[in-house]
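One-letter residues, chain by chain:
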Amino acid sequence: MGNSLKAIVAFVPSKKCQKYLLEDLEEMPVDKMVDLSGRQLRRLPLHICSFRELVKLYLSDNNLNHLPPELEQLQNLQILALDFNNFKALPLVVCTLKQLCILYLGNNKLCSLPLELRLLQNLKTLWIESNCLQYLPEVVCELSLLKTLHAGSNALRTLPTQLRCLQELRTIWLSGNLLSEFPSVLLDMPFLEVIDVDRNSIRFFPSLAHLPGLKLVIYDHNPCRNAPKVAKGVRRVGRWSEETPEPRKRSGAVIEITLDEKPPPPPANKPETE
């Protein structure tokens, strides 16, 4: 009843209807956080943009496809969640929020990211999973403080060589893409701690033993002929990982021993720290 009623009310722009959707949110909360997730919103209420000390704004799971220019007033915003909406393009006003540290854009309809994204030089976490990206926008490689990049469930076939410039990057999630080869640029990123290439089409894995920072590599659900070699203490999740040996040749035939263990997905709950 509640969600159905909100869905109907969302079509009516009257102040009373908007007040119902916002549950009387008229003053900035003491904790400087506003969570409007799952409210069936089709537009951001303008009075939210007057909360100039706001630090966290969650707009997940709505029907948004644009944002008002007044959002630029939120210059103290550090966390912005726009996932599970209907954005076909990232509103440029988001790129004016220069204190942003964490930006969630997953589960939209994005095919690209604007060059203005480079203005977000404080960004440390970027989630762009489950969009329509056929390539990783090179502007991402200009986010020098980026530590976590979640680009899973797109249509990526390669990664740009400029990615190696992100020397603060520690975690990269690439599961559910169209990679047919292990991205060679990742071999030049010794600072990476977590690499996830689960559910791609990679047939051969190069050695990762030279990556001193690596702690976890997830490579399950690939048609691979080998497991990636890793340094001692690095956890592997996939076929022939540490629990079972790699395939041995017998009389010209390759005997494959598979592992039923499923790789852990990226965190279900959005992190608020890097």
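Residues numbered from 1 in each chain as written. Predicted model: local features only at pLDDT ≥ 70, side-chain atom pairs only at ≥ 80, totals over all residues. Heavy atoms only, no water.

## What about the overall build of the protein?
Within the protein one finds two helices and twelve strands. Reading the protein from its N terminus to its C terminus gives the helix and strand order α-α-β-β-β-β-β-β-β-β-β-β-β-β. Residues counted as buried form 48% of the 274 residues belonging to the protein. Counting only contacts in the protein whose residues sit at least 6 apart along the sequence, the fraction spanning at least 24 positions is 26%. (Helix = DSSP H or I, 4+ residues; strand = E, 2+ residues; numbered from the N terminus. Buried < 20%, exposed > 50% of the residue type's maximum accessible area, 1.4 Å probe, protein only. Contact = heavy atoms within 4.5 Å.)

## Examining the nonpolar core
One finds Leu163 and Leu186 to be the most contacted residues of the largest nonpolar core, which totals 71 residues. Here this core spans two domains, since at least three of its residues come from each of domain 1 (28-115) and domain 2 (133-242). Excluding residues that lie within four positions of it along the chain, Leu163 makes contacts with Leu136, Cys141, Leu149, Ile172, Val185, Leu186 and Met189. By size, the runner-up hydrophobic cluster in this structure holds seven residues, among which are Tyr58, Ile79, Tyr104 and Trp127. (Core = buried A, V, L, I, M, F, W, Y, C linked by side-chain atoms within 4.5 Å. Domains from an automatic or database assignment.)

## Section: the state of the cysteines
All told, the structure shown has zero disulfides when counted by the stated rule. Distance from the sulfur of Cys141, which forms no disulfide, to the nearest cysteine sulfur (Cys165) is 7.0 Å. (Disulfide = S-S within 2.5 Å.)

## A word on the layout of surface pockets
Counted as a void, the second largest pocket has a volume near 150 Å³. Every residue lining the second largest pocket is listed: Arg157, Thr158, Leu159, Thr161, Leu179, Ser180, Glu181, Phe182, Pro183, Ser184 and Val185. Considered class by class, the residues forming the lining of the second largest pocket number five nonpolar, four polar and two charged. (1 Å grid on protein atoms, 1.4 Å probe; cavity = no way out; pocket = protein on both sides within 12 Å on 5 of 7 lines; lining within 4 Å. Points joined across faces, edges and corners; volume = space filled by probe spheres on them. Nonpolar A, V, L, I, M, F, W, Y, C, P; charged D, E, K, R; others polar.)

## A closer look at the environment of Glu70
Positionally, Glu70 belongs in the loop between strand E2 (56-58) and strand E3 (79-81). Taking C-alpha positions, Glu70 is 6.0 Å from Cys49, a pair spaced 21 residues apart along the chain. Once residues lying within four places of it in the same chain are set aside, the contact partners of Glu70 are Leu46 and Cys49.

## Brief notes about the environment of Leu44
When you line up the elements, Leu44 lands in the loop between strand E1 (33-35) and E2. Here the alpha-carbon distance between Leu44 and Asn62, two residues 18 residues apart in the chain, equals 10.0 Å. Once residues within four sequence positions are removed from consideration, Leu44 is found in contact with Leu36, Cys49, Leu59, Leu64, Leu67, Pro68 and Leu71.

## A closer look at the packing of aromatic side chains
One pair of aromatic rings is described through two measures. These are the centre distance and the angle between the planes. Scanning the entire structure with this criterion turns up three aromatic pairs. Residues Tyr104 and Trp127 carry aromatic rings whose centres are separated by 5.4 Å and whose planes lie at 75° to one another, so their mutual orientation is edge-to-face. In this pair, Tyr104 sits in strand E4 (residues 102-104) while Trp127 sits in strand E5 (residues 125-127), placing the two residues 23 residues apart along the sequence. A relative accessible area of 1% means that Tyr104 is categorised as buried. On the numbers, 5.4 Å between centres and 65° between planes, the contact of Phe205 with Tyr219 is edge-to-face. You can see Phe205 sitting in the loop between strand E8 (194-196) and strand E9 (216-218) and its partner Tyr219 sitting in the loop between E9 and strand E10 (235-237), a full 14 residues away along the chain. The pair formed by Phe205 and Tyr219 is uniform in burial state, with each residue classed as buried. Put simply, the rings of Phe182, Phe205 and Tyr219 touch in pairs and so form one group of aromatic residues. (Phe/Tyr/Trp six-rings, centres within 6.5 Å; stacked < 30°, edge-to-face > 60°.)

## A few points about the pattern of salt bridges
Summed over the entire model, instances satisfying the criterion amount to four salt bridges. In this structure, Arg118 engages Glu142 in a salt bridge whose closest nitrogen and oxygen atoms are separated by 2.8 Å. Of this pair, Arg118 sits in the loop between E4 and E5 while Glu142 sits in the loop between E5 and strand E6 (148-150), placing them 24 residues apart in sequence. Of the charged contacts in the structure, one is a salt bridge between Glu193 and Lys215, with a shortest N-O distance of 3.9 Å. Taken together, the positions of Glu193 in the loop between strand E7 (171-173) and E8 and Lys215 in the loop between E8 and E9 put the pair 22 residues apart, joining distant regions of the chain. (Salt bridge = Lys/Arg side-chain N within 4 Å of Asp/Glu carboxyl O.)

## Some remarks on the sheet that holds E6
What the ten strands build is an open sheet, ordered E1-E2-E3-E4-E5-E6-E7-E8-E9-E10; its pairing is parallel. With one partner strand each, in any of the chains shown, E1 and E10 form the two edges of the open sheet. Neighbouring strand axes in the sheet, compared pairwise and without regard to direction, differ in orientation by 5° on average. Of the pairings in the sheet, the one linking E8 to E9 comprises three bridges and is parallel in character. Bridging from a neighbouring strand, Asp196 pairs with Ile218 of E9. (Pairing = 2+ DSSP bridges. Axes fitted to C-alpha atoms, helices over the stretch in contact; angles between N-to-C directions.)

## Structural notes on the confidence of the model for the protein
Mean pLDDT over the protein stands at 86; residues scoring 70 or higher make up 79%. With pLDDT under 50 throughout, residues 4-12 is counted as low confidence; its partners more than four residues away or in other chains account for 16 contacts. (pLDDT = per-residue confidence, 0-100.)

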